[in-house]
Amino acid sequence: MRPLVDTHCHVDLYPDPGAVIEAVERARTYVLAVTTTPSVFPAMVSLVGESKYVRPALGLHPELVAERWRELPLWVRLLPETRYIGEVGLDYSVGDRIAHARQRHVLSEILTRCNEVGNKILTVHSRRAEDDVIAAVGTGFCGKVILHWFSGTGRALERAIANGCYISVNPAMVQSRKFLDLLPRVPRERILLETDGPFVTAKTKIPVLPTELGGVVRALATTWDISEDEARAKTFQNFAVCLQEDDSDG
Ligand code: MN
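Residues numbered from 1 in each chain as written. Predicted model: local features only at pLDDT ≥ 70, side-chain atom pairs only at ≥ 80, totals over all residues. Heavy atoms only, no water.

Some remarks on the overall build of the protein chain
Helix and strand counts for the protein chain come out as ten helices and eight strands. Referenced to the eigenvectors of the C-alpha coordinate spread, the extents of the protein chain come out at roughly 45 × 40 × 40 Å. Residue burial in the protein chain is summarised as follows: out of 250 residues, 52% are buried. Put simply, 70% of the contacts in the protein chain that link residues at least 6 apart link residues at least 24 apart. With the model as given, the accessible surface of the protein chain reaches about 11700 Å², and the carbon-plus-sulfur share is 50%. Counting 29 positive and 32 negative side-chain charges, the protein chain places the averaged centre of each group 3 Å from the other. (Helix = DSSP H or I, 4+ residues; strand = E, 2+ residues; numbered from the N terminus. Buried < 20%, exposed > 50% of the residue type's maximum accessible area, 1.4 Å probe, protein only. Contact = heavy atoms within 4.5 Å. Areas by Shrake-Rupley, 256 points an atom, 1.4 Å probe, with all protein chains shown as cover. Lys, Arg positive; Asp, Glu negative; His and termini not counted. Charge placed at Lys NZ, Arg CZ, Asp CG, Glu CD.)

Side note on the pairing of strand E6 (residues 143-148)
Within E6, five of the six residues are buried, which leaves the element mostly enclosed by the surrounding structure. Where strand E5 (residues 120-125) and E6 come together, six bridges link them in parallel fashion. In the sheet register, Ile 121 faces E6, and the bridge partner there is Lys 144. Between the parallel pair E5 and E6, the chain is carried across by helix H6 (residues 130-137), and the sense of this crossover is right-handed. Sheet topology places E6 next to strand E7 (residues 166-169); three bridges connect them, and they run parallel. Within E7, the residue paired with Leu 147 across the bridge is Ile 167. Handedness of the E6-helix H7 (residues 154-162)-E7 crossover: right-handed. (Pairing = 2+ DSSP bridges. Right-handed = clockwise from strand over helix to strand, strands pointing away.)

Observations concerning the packing of aromatic side chains
In total, this model carries one aromatic pair according to the counting rule given. Taking 4.7 Å as the distance between ring centres and 55 degrees as the angle between the ring planes, the aromatic pair formed by Tyr 30 and Tyr 53 counts as tilted. On the criterion of sequence distance, the pair formed by Tyr 30 in strand E2 (residues 30-33) and Tyr 53 in the loop between helix H2 (41-48) and strand E3 (54-56) is long-range, its members being 23 residues apart. Owing to a relative accessible area of 8%, Tyr 53 belongs among the buried residues under this scheme. Lying across the ring of Trp 69, Arg 102 places its NZ or CZ 4.1 Å from the centre. Over the ring of Tyr 166 we find Arg 190; its NZ or CZ atom is 6.0 Å from the centre of that ring. (Phe/Tyr/Trp six-rings, centres within 6.5 Å; stacked < 30°, edge-to-face > 60°. Lys NZ or Arg CZ within 6 Å of the ring centre and 35° of its normal.)

Shown next as structure tokens:
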């Protein structure tokens with residue numbers, strides 16, 4: 001069976017991050033370990049250590065931009081150290097207009113830098129700001145943008161797809177009727193998996209582990225009318241395509 005790939009997990013925010021890393025190594029599940037500020041990135045790098053499966057991502061979370069925007073130069077300095085970027089994005093459910101403008105400034109700088117270097121893989125937050133995130137990415141972005149926990153409209157989704165974005169699906173999203181109605185409109189080639197752990201919890205209120213993506217795979221298999229093994233293989237293949245370097249001059 002193909003490995004699972006959790007493209008958005010806050011490994012460092014679990015009560016026992018070491019145990020999470022051991023579990024994903026045992027299960028051979030790949031994990032993009034997002035960070036919320038660049039100042040914690042070095043700690044994430046040491047936490048990940050020699051893990052083959054866990055990859056540290058460099059982030060500056062929109063909900064933290066109001067207090068942490070001064071870390072943007074540090075984010076820029078650390079950019080050469082990883083191919084994986086996140087969590088970054090916009091969140092208009094928090095803060096006022098000034099805070100939103102600051103979030104847009106930070107995201108624009110992040111996208112510009114990533115676009116210059118090329119071939120970065122970004123996991124991007126867009127709550128109540130889907131249109132602005134998708135417009136900021138634009139049509140010729142050199143790299144891969146994964147919209148994490150997409151909760152926008154069908155029209156925003158279409159624009160995201162047209163701009164080349166991927167959609168990562170988590171266990172909470174497949175419980176949402178609204179998202180399940182949109183899911184068939186996403187080309188299969190653009191679907192990836194995520195947990196957003198430890199913020200997504202199972203029915204037991206225990207944080208979902210990156211190894212627990214079976215429910216998402218099942219929902220995809222049902223939507224696509226294929227076997228769970230095939231659905232799982234498809235998500236792995238999609239991530240493999242994400243990893244391919246684009247040589248064309250962007
Ligand atoms: Mn997250």
